[in-house]
Structure formats: C-alpha cells, structure tokens
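# Fold and geometry: a report
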Amino acid sequence: MKEKKKNIFDNIGLKLLALLIAFLMWFVVMNYEDGVVTKTISGIPVEMINGDSIIANGNLYNVTDGESVEIIVRGPRSIVENLEANDFVATADLSHLSVTNSTTIDVITNSNIPNSSAKKLTITPVNQYVTLSIEEESEKSIPVRVITTGDAKEGYAAGNPVPTPNMVTVTGPESVLANIVEARAVIDVSGAEKDIVEIVNLGCIDGYGSAVQKDNISLSASTVSVNVPIYQTKTVNINVNTAGKLKDGYGIKAINYEPSSIVIAGTPEDLESIDSIDINDVIVTDADTNIEKNIDLTNYLSNDIFLADESVSDLAVNVEIEAMKELDITVAKNKIRIIGGNPDYNYDIVSPDNIKVKLNGFEEDISGLSIDDINPRINVKDLNIGENEMTVDFDTKDIYEIKDSYSVKVEVSKVE
C-alpha cells in the first residue's frame, strides 16, 4: 500500500496549542525575570531655582519643608532595583509660588540613566511641595570657635587656639539666624612640636553642634587666621587631704580618688615649678557617712598651666568614714619599762598599780592589740631623788590613737 505524504497542516490544532503554550511560558519567564516592580527612594536633595525672583524684591527665603524629597519609582525590575538617590534630579521653581509660599517638586532621572531606560520609569514624589518662609534680611554677630583634631607629638600638647578675627557677622533670614550659635573652624595639630599658624575655613553651627548649610546665609569672613600654641608636657601626682573635724566617734578610714596623676602642659619654666597638685579642701566637718564628690582640677592650676587632656579634668573623690571603736588595755606597773636611769639610783613605780589605757580606732585594726604593741615606758633620766610624777609614753601608729594622757609616781633613791 502506498504511504500517505505528510502535510504541514496535519494536526494543526495541536501545533497551535503547543505554540500558544510556548509563548505563555516565555511570557511568564520574562515577566518573572524582568517584571514591573516599585521602589521607594528617599534623601534626594531639592535644588531651588529662580530664587532670584524673591531676592530681587529685597527679601530672603528659608525652606521650611521640602529640602529633600522621597519618591516611588515604578518600572522594569532590571532598571529599578539598581536605582539610587544620586540617579535623580529634583527641582523646585521658586518663581511660581502659591499664596501659601509653596511650589511643586519636579523629579527626573539624570545622565546616569539612559533615555531608553528612563522612558520605562514612572516617578511619583511622596512629598510633592516645597514650602518657604519669606523674610527680610537680618544679621547677627557670632563668636568664632576653633576645634583642634589629632594629637601633638609625644611630650607636647596643643594650647588654646586663638582665631583672628574672633567674631564674625552672619547675614540671612531671621528664622535661620536664630538657630546659629557660632562660626566654627577646624585645624589639625597631629605631630606638632611648635606653634601652628594657618588660614582655616569657617562654617556656621547650630545649638546642637550641627553644621548649618544654607544658600541664603553668608559670613562677613569665610576664613580666619588661627594660631595654636604648642607646649611641653609633664606628669604630676595628685594629693588629696581633708579639712574640718568629723562627728565625734568617727574617723577617716581611706581617701580614694581617680586619677592619681595627670599630664599638665606649659612652658618649661612653669612646669619646673610644679611637682604635684595638692587638694587640701575636701570638707568633712561633722560628717558621719562616706563623702563622694567630683573636683574640677582646673581650679587648682595656675593661669600658665593647663591640662594636656581636658577630658580628664574631673577628679572623683571618695572619703570612707566609719565609726571608731574603743579598746581598753590594762597595764600593770611592772609592765611599764623604765629607761634612761642612772645606775647609782633605784627607780620604783609606787602608784598606781595599774593604768587602763583607752585606744580609739577601727575595730579591724585594734581588736588584736596588746601591751607590747603600745610599748608603755617612762624616761627617768632627769629625775631627782624623791617622789616624782611622770607621764607614760606609748608607741603611736596611724591605725589608732591613745585617748588622754596617763601618769605614774616614781620613787627615786640612792643605791646603798
């Protein structure tokens, strides 16, 4: 039998169905790989254009809202997912202000994005308006403050920088000037071992320490001459002592403070005259509990000496105060040593038979003390024959004090 010749139109329905399925699969894959997505991008600065139209009328403007804009971008995934704020230009035309002193923000792509890609994007600003306050020009005098960065060479420290001029005038809208507190210059002193003189740029600073960057403000001087003196340094110890009398029955157990030494700076002659910083006015009058206080070390330095590191200007002091305890030690007369005697004389303690010595101190220091620790004795070197009254001497230590004085009667006679 003769075989039937195949025709391209055979099973045409199945072939069309297969073609449709293939197209649908391609469409799904392409949309998955490069589908339409959205992305929110913030922090795009808004450029104010045609502001001269306001200035020409003798006024100044201040942007109260809309200095930056946030947008929602919609388009193909391959384009949108790589977009950043620096791919856009935002402008506000100040020559078209509404009665509320506001105008719309226009956002377009910049040269970073090819035109073919830009046409596929839809850009919608979230905050659509710039709002201004229109004010008359004002001016204000502000101090110049110089900040030093870095550290001078080891063994040296930077002194207080001196700017010239030390005051400048800032001009602009009153609402902006109200927030400006100083003009600031920054100078690097890294590795310095001699005085520095430089011309440094100025910038305006608000009460929060942030830079005020506005196109509508100007300074009477954009730079200042700064002189930074460089001094030698020296490390000295700190000594702390108290003043006044504690409440009866209490004593100072310890005086703790930190730091125990600091680095000071000055001329070689001034540094040579100071070996320590002595603080003798920590008042403890009538105190019966611990005293804690912070002391400003700069108050104890002469005008010619300063701290190499101003961040350690505070001295933390803790005075430990504790109740004193009393200890009685009974000393028999035969336990009192007789010293300095003449071999031709006899020395006899005739009264009293015992003395009760009272000691004051912290319990942990005095609880184990004995007669040997206080070492009772009398020196009879200059006594005459007969009965003499002598004060008993004791060894004294920082950990206790002996209350009152104690005496004995000594009979001196010739040796037969």
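Owing to the predicted nature of the structure, the values given are computational and were not obtained by experimental measurement.

## Focus on the overall build of the protein
In terms of regular secondary structure, the protein is built from eight helices and 30 strands. Its C-alpha atoms give the protein a radius of gyration of 45 Å, clearly above 22 Å, the size a compact globule of 416 residues would have. The C-alpha extent of the protein, read off along each of the three principal axes, is 170 × 90 × 45 Å. By sequence separation, contacts in the protein at least 24 residues apart represent 75% of the contacts at least 6 residues apart. Split by element, the accessible area of the protein, about 25,800 Å² in all, is 47% carbon and sulfur.

## Structural notes on the pattern of salt bridges
Where charged atoms from two side chains of opposite charge come close, those side chains can pair. Counting across every chain of the model gives 14 salt bridges. Note that Glu182 and Arg145 form a salt bridge whose closest N and O atoms lie 3.7 Å from each other. With a gap of 37 residues between them, Glu182 in strand β11 (residues 180-188) and Arg145 in strand β7 (residues 129-149) connect regions that are remote in the sequence. Overall, the relative accessible area of 11% leaves Glu182 in the buried class. Between Lys245 and Asp248 there is a salt bridge, and its shortest N-O distance comes to 3.9 Å. We note that Lys245, like Asp248, is exposed. Through salt bridges with shared partners, one network takes in Glu326, Asp328, Lys358 and Lys403.

## Brief notes about unusual backbone geometry
Excluding glycine, residues mostly carry a negative phi; peptide bonds, for their part, are mostly trans. Here the amide bond leading from Glu258 into Pro259 is cis, since omega sits at 5°, within 30 degrees of zero. Inspection of the secondary structure assignment puts Pro259 in the loop between β17 (250-258) and β18 (261-266). A cis geometry characterises the amide bond from Ser351 onward to Pro352, with omega recorded as -10°. By the secondary structure assignment, Pro352 is in the loop between β25 (345-351) and β26 (354-361). Phi at Asn50 takes a positive value of approximately 60°, unusual for a residue other than glycine.

## Focus: a nonpolar patch on the surface
Together, Leu14, Leu17, Leu20, Ile21 and Leu24 line one region of the surface with nonpolar side chains, adding up to about 480 Å² of accessible area. Summarising the element assignment, Leu20 is placed in helix α1 (residues 12-34).

## Details of the packing of aromatic side chains
Following the criterion strictly, the structure yields two aromatic pairs and no others. On the basis of an interplanar angle of 70° and a centroid distance of 5.2 Å, the ring pair of Tyr231 and Phe306 is categorised as edge-to-face. Residue Tyr231 is found in strand β16 (residues 230-243), and its partner Phe306 is found in strand β21 (residues 306-307); the two are separated by 75 residues along the sequence. Accessibility expressed as a relative area gives 27% for Tyr231, which makes it partly exposed. With 6.1 Å between their ring centres and 85° between their planes, Phe394 and Tyr406 make a pair best called edge-to-face.

## Comments concerning the sheet that holds strand β30 (residues 407-414)
Pairing within the open sheet is antiparallel, and its three strands lie in the order β25-β30-β28. Both edges of this open sheet fall to β25 and β28 (386-391), since each of them pairs with a single strand only. Along the sheet, successive strands turn relative to each other by an average axial angle of 35°, direction set aside. In this sheet, β30 lies alongside β28 in antiparallel orientation, the contact comprising six bridges. Bridge pairing in β30 links Asn388 to Val410.

## Examining the confidence of the model for the protein
Mean pLDDT over the protein works out to 89, with 94% of the residues at or above the 70 mark. Taking the mean pLDDT of every element in the protein, the minimum, 66, falls on α1 and the maximum, 96, on strand β15 (residues 223-228).

## Description of the pairing of strand β3 (residues 68-76)
Bridge analysis of strand β1 (residues 36-49) against β3 gives eight bridges, and the strand direction is antiparallel. Each bridged residue has a counterpart across the sheet, and for Thr40 the counterpart in β3 is Ile72. Of the strand pairs in this sheet, β3 and strand β6 (residues 122-125) are connected by four bridges, and their pairing is antiparallel. Within β6, the position partnered with Ile72 by the bridge is Thr124.

## A short note on the sheet that holds β26
Strand order in the open sheet formed by three strands is β23-β26-β29, and the pairing between neighbours is antiparallel. Each of the sheet's edge strands pairs with one partner strand only, and the pair in question is β23 (325-332) and β29 (400-402). With direction set aside, neighbouring strand axes in the sheet form an average angle of 30°. Two strands pair when backbone bridges link them, and β26 and β29 are joined in this way by three bridges, in the antiparallel orientation. Looking at β29, one finds that Leu359 is bridged to Ile402.

Conventions used here
Residues numbered from 1 in each chain as written. Predicted model: local features only at pLDDT ≥ 70, side-chain atom pairs only at ≥ 80, totals over all residues. Heavy atoms only, no water. Helix = DSSP H or I, 4+ residues; strand = E, 2+ residues; numbered from the N terminus. Rg over C-alpha atoms; globule rule 2.2 N^0.38 Å. Contact = heavy atoms within 4.5 Å. Areas by Shrake-Rupley, 256 points an atom, 1.4 Å probe, with all protein chains shown as cover. Salt bridge = Lys/Arg side-chain N within 4 Å of Asp/Glu carboxyl O. Buried < 20%, exposed > 50% of the residue type's maximum accessible area, 1.4 Å probe, protein only. Patch = residues over 30% accessible without salt bridge, like charges linked within 9 Å, V, L, I, M, F, W, Y side chains within 5 Å. Phe/Tyr/Trp six-rings, centres within 6.5 Å; stacked < 30°, edge-to-face > 60°. Pairing = 2+ DSSP bridges. Axes fitted to C-alpha atoms, helices over the stretch in contact; angles between N-to-C directions. pLDDT = per-residue confidence, 0-100.

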